[in-house]
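Single-letter residue listing:
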Amino acid sequence: MSVDEVESEIHFMKTYGIMKWDELIMLNDDRKSLNQKIALGVATKEELLKQIKVELNMLDTCQLKIDQEMKENDTEYINTEILTILSNRINDMYTSMFLLFPVEKNSLSEYIEFCSNNTLFITKCSNMLNTLMLRFHSDPEVYITAATYEFDDRNNVESARQYFAEGLKYHKNCKRLYVEEFWVEVQHLEKTAGASLPIAMGKYRNLIKHFEGDIEFHFILLDRAIKLSAVRELQCNIVRDMVRKYRHSELMWQKLAKIHFDGFIYHQETEQLHYDKNYISGIRNCIKTYEDGLRENLPLKNKQKLWNFYIDHVIEIRRSYRMKKETIRNFMNETMERAFQEAHNNRALHKSEHYIYWAKNTNKSCHKVLRKAVEVVEDNVELWINLITYYLHFDCLEMGIEAFQAGVRALTSKSMPLWQILILYLGNTHPKLLQQLYHEGSHFPFPEINVVIRPKYLEWNVVHNGLLSTRELFIELRDIKPECKRLYTTMISFELTQNSGITKLKTIRKLYNDVCNAFGQTDIGVWSDCIRFEYKYGSPKLVKEIYKASLLCLEPKLRNVMTKEFEKLKDEFLENDSKDGGIIVIDDDE
């Protein structure tokens, strides 16, 4: 800065109390130090960014102070030279950073924002961009940022085109660069009311040639083009090319249906495009497009995908706000029935959620749809649940059992939810049938089912048939493979609830012995429960023997954990023993 500028800055800072004198001295020292580093070429980018941030904060503070003074003193006159001084310094620092270091999108965006907020620097900003864009930048976003600024803020399409061209010299396959360049031409086409159509069309033709066969890229160009209303001829060309090039792609038919839904109606006979703001017309053309596509000679796999697109879009429309009018509701109800039925007939309806939606919304019998569904998607639990629940809701037990049996055959190890539904229903209505169901479930040859049902059967039996019958049932269920820990613990709990004269010590001890033998290699809990039982009801003398047995049986990695558990149990029962004065002893078997 010149001497006058330094004095002006110091005067402003002191006059309005922006900084204390020692702070101002420190700030100027930092500035001088950084300037020397820049001159010597040893300044780092981080140091420049840090100082730029300091200067920007200073600029904001001074601007706020000036605004405050003008408002409080009701005057428009105040020396604002400080703003120019600070802004010049910030601009110079950005210039140094861009010339010394690779340009990054974020820092360039921040510089552009700074210049946009300081109109005196708009021209300087453009000059800087002209200089920077002649250099190589590894990040294509740098070119996009500069070009977008020139077009959006400066209304300078030529500079924008120049920057895109520079970027594409180095990034020939960067789709985003091409897309943003095309987007500028689309916007310019609207600004010029169509006068720049030859340029826009030329860009478009070059793009689809460069990315020949890339349908997703074609869609991106179309999405940009249909954002604006005054570029209809360009839009029409893009849609026409899309239909011609990708007629045998299910993705094309889906895209065409979607733009029809949004009101852009393309007539394949005339190959013309127009916009219809009547959303009912959009819906009808959308549905027709899917149906036209399904009549095309698409490969089977592609047609299957198109059916899924069609069904998903029908569901989306029926769930949208556009269903308010009765006429469109009736049309979509008819469409839904036709679409789902035809998809099913063509063996193209494979998703369980599609069948469930159809069943819930059909005008026909729900169970008829669900029966079709389980014929196609046999291994879906939710479909069988819906079908069985439907029958049981209307007390159609025979049909419900028939569906249950078919579902169990289809789902095998995944059928537990079906057993639960029928158990709950029969428990309230048919106890004899429930016992039969428990018996079948207990012997069902899949552990995922019988391990869950055996303890439930035992619990049900003790309530309805008493303990003696339950003991016999336990022996039957115990011998079914695999071993079921909960079966033992459930039986033990039943025995413990009996009076001491009936419950015999050997009976429970034998149950604990069996469960420890079956699960004692990996389960510390069964040993803890066994020891706890002996402490509370049996013989404390046996506790140490059980503990020794546990260490022999458990896997080596669990033995330290068992030792800690045993110490906790000893402390617990030592404390209880001193409080209670003794332990309960259950009479042994005679």
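Remember, it's a predicted structure, so these values are computed and weren't measured experimentally.

This part covers the overall build of the protein. Helices and strands together make up the secondary structure of the protein, namely 28 helices and two strands. Dimensions of the protein, computed from the C-alpha atoms along their principal axes, are close to 115 × 80 × 50 Å. Expressed as a percentage of the 590 residues in the protein, the buried residues total 46%. Long-range contacts, defined as pairs at least 24 residues apart, comprise 60% of the intrachain contacts of the protein with a sequence gap of at least 6. Accessible surface, the protein: about 31300 Å² in total, of which carbon and sulfur atoms supply 51%. The positive charge centre, built from 79 side chains, and the negative charge centre, built from 86, are 5 Å apart in the protein.

With that settled, consider the pairing of strand 2 (residues 272-275). Where strand 1 (residues 264-267) lies against strand 2, four bridges are found, and the strand directions are antiparallel. Opposite H267, over in strand 2, you have Q272 as the bridge partner. Taken together, strand 1 and the strand that follows it, strand 2, pair antiparallel across an intervening segment of four residues, in which E271 is found at a positive phi of about 55°.

Okay, the packing of helix 7 (residues 140-152) against helix 8 (residues 157-170) next. Viewed as axis vectors pointing N to C, helix 7 and helix 8 meet at an angle of 170°, and their least axial separation amounts to 7 Å. Taken as axis vectors, helix 7 and helix 8 run roughly antiparallel relative to one another. Residues Y143, I144, A146, A147, E150 and F151 of helix 7 form the contact with helix 8, whose participating residues are V157, S159, A160, Y163, F164, E166, G167 and Y170. For the contact of helix 7 with helix 8, the residue count by class is ten nonpolar, two polar and two charged.

What follows concerns helix 9 (residues 175-191). Each full turn of the α-helix corresponds to 3.6 residues, which orients residues three or four apart in the same direction. The end-to-end C-alpha distance of helix 9 is 24 Å, a good match for the 24 Å that 17 residues give at a rise of 1.5 Å each. A193, located one to two residues past helix 9, shows a positive phi value of around 55°.

Membership of the largest hydrophobic core comes to 186 residues, with the highest contact counts inside it found for L234 and W419. Of the residues forming this core, the biggest block, nine residues, is contributed by helix 23 (residues 447-478). For W419, the residues in contact, after removing those within four places along its chain, are F404, V408, L437, E440, G441, F444, I449 and I453.

The next subject is the environment of G167. Assignment of secondary structure puts G167 in helix 8. With 25 residues separating them along the chain, G167 and V142 place their C-alpha atoms 8.4 Å apart. When near neighbours in sequence (up to four residues on either side) are disregarded, G167 contacts Y143 and L177.

Right, let's talk about unusual backbone geometry for a bit. Each neighbour pair has its own omega, and for K481 with P482 the value is 0°, a cis peptide bond. Structurally, the position occupied by P482 is in the loop between helix 23 and helix 24 (485-496). At D395, a position not held by glycine, the phi torsion is positive, near 55°. You can see D395 is positioned in the loop between helix 19 (381-393) and helix 20 (397-411). A residue is classified by how much of its surface remains accessible, and D395, at 55% relative accessible area, is exposed. Of note in the backbone geometry, T412 takes a positive phi value of approximately 45° without being a glycine. For T412, the location among the structural elements is in the loop between helix 20 and helix 21 (416-429). By relative accessible area, T412 is classed as partly exposed at 26%.

Another point: the side chain of E185. Inspection of the secondary structure assignment puts E185 in helix 9. The contact partners of E185, leaving out residues within four places of it in the chain, are R161, I199, A200 and K203.

Next up on the list: a negative patch on the surface. Taken together, the side chains of D312, E316, E353 and E382 present a region of like negative charge at the surface. For E382, the position within the fold is in helix 19.

Here we take up the pattern of salt bridges. Counting across every chain of the model gives 35 salt bridges. For E47, the salt bridge identified is with K37, shortest N-O distance 2.7 Å. A residue pair is termed long-range when its members are at least 10 positions apart, and E47 in helix 3 (residues 45-72) and K37 in helix 2 (residues 21-40) qualify at ten residues. Note that E565 and K568 form a salt bridge whose closest N and O atoms lie 3.8 Å from each other. Of this pair, E565 and K568 both sit in helix 28 (residues 559-580), three residues apart, roughly one helical turn. The exposed category is assigned to K568, whose relative accessible area is 56%. If you follow the salt bridges from partner to partner, you end up with K105, E141, R176, E180 and R224 in one network.

One pass over the structure, following the stated rule, counts 29 aromatic pairs. Considering the side-chain rings of Y512 and F533, the 5.4 Å spacing of their centres and the 35° angle between planes classify their relative orientation as tilted. Residue Y512 is found in helix 25 (residues 505-519), and its partner F533 is found in helix 26 (residues 524-536); the two are separated by 21 residues along the sequence. Feature note: the residues Y94, F98, Y111 and F114 constitute an aromatic cluster, connected by ring pairs. In this structure, R284 packs its charged tip against the face of F331, placed 4.3 Å from the ring centre. Over the face of the ring belonging to F261 we find R322, whose NZ or CZ atom lies 4.2 Å from the ring centre.

Once that is clear, we can look at helix 13 (residues 250-261). For helix 13, which comprises twelve residues, the first-to-last C-alpha distance of 17 Å matches the rise-based estimate of 16 Å (1.5 Å per residue) to within 8%. A large share of helix 13 lies buried, amounting to ten of its twelve residues. Within helix 13 the residues assigned to the buried category are E250, M252, W253, Q254, K255, L256, A257, I259, H260 and F261. The elements touched by buried residues of helix 13 are helix 11 (215-225), helix 12 (232-245), strand 1, helix 14 (279-295) and helix 15 (300-319). One side-chain oxygen of the residue at the start of helix 13 lies 3.2 Å from the amide nitrogen of L251, identifying that residue as S249. G263, located one to two residues past helix 13, shows a positive phi value of around 105°.

Confidence in the prediction of the protein, expressed as mean pLDDT, is 91, and 96% of residues score 70 or more. Averaged over each element, pLDDT in the protein is lowest for helix 1 (residues 3-15) (81) and highest for helix 13 (98). The low-confidence segment residues 580-587, where pLDDT is below 50, has 20 contacts with residues more than four positions distant or belonging to other chains.

Turning our eyes to something else, we now look at the packing of helix 11 against helix 13. Following both chains from N to C, one finds helix 11 and helix 13 inclined at 10°, their axes separated by 11 Å at the closest point. Relative to helix 13, the element helix 11 lies roughly parallel. Residues I215, E216, F219, L222 and D223 of helix 11 pack against L251, M252, K255 and I259 of helix 13. Partitioning the contact of helix 11 with helix 13 into residue classes produces six nonpolar, no polar and three charged.

Rules and cut-offs
- Residues numbered from 1 in each chain as written.
- Predicted model: local features only at pLDDT ≥ 70, side-chain atom pairs only at ≥ 80, totals over all residues.
- Heavy atoms only, no water.
- Helix = DSSP H or I, 4+ residues; strand = E, 2+ residues; numbered from the N terminus.
- Buried < 20%, exposed > 50% of the residue type's maximum accessible area, 1.4 Å probe, protein only.
- Contact = heavy atoms within 4.5 Å.
- Areas by Shrake-Rupley, 256 points an atom, 1.4 Å probe, with all protein chains shown as cover.
- Lys, Arg positive; Asp, Glu negative; His and termini not counted.
- Charge placed at Lys NZ, Arg CZ, Asp CG, Glu CD.
- Pairing = 2+ DSSP bridges.
- Axes fitted to C-alpha atoms, helices over the stretch in contact; angles between N-to-C directions.
- Parallel < 35°, antiparallel > 145°, perpendicular 65-115°, else oblique.
- Nonpolar A, V, L, I, M, F, W, Y, C, P; charged D, E, K, R; others polar.
- Expected span 1.5 Å × (residues − 1).
- Core = buried A, V, L, I, M, F, W, Y, C linked by side-chain atoms within 4.5 Å.
- Patch = residues over 30% accessible without salt bridge, like charges linked within 9 Å, V, L, I, M, F, W, Y side chains within 5 Å.
- Salt bridge = Lys/Arg side-chain N within 4 Å of Asp/Glu carboxyl O.
- Phe/Tyr/Trp six-rings, centres within 6.5 Å; stacked < 30°, edge-to-face > 60°.
- Lys NZ or Arg CZ within 6 Å of the ring centre and 35° of its normal.
- Polar contact = N/O pair within 3.5 Å; in protein donor to acceptor, adjacent residues only side chain to side chain.
- pLDDT = per-residue confidence, 0-100.

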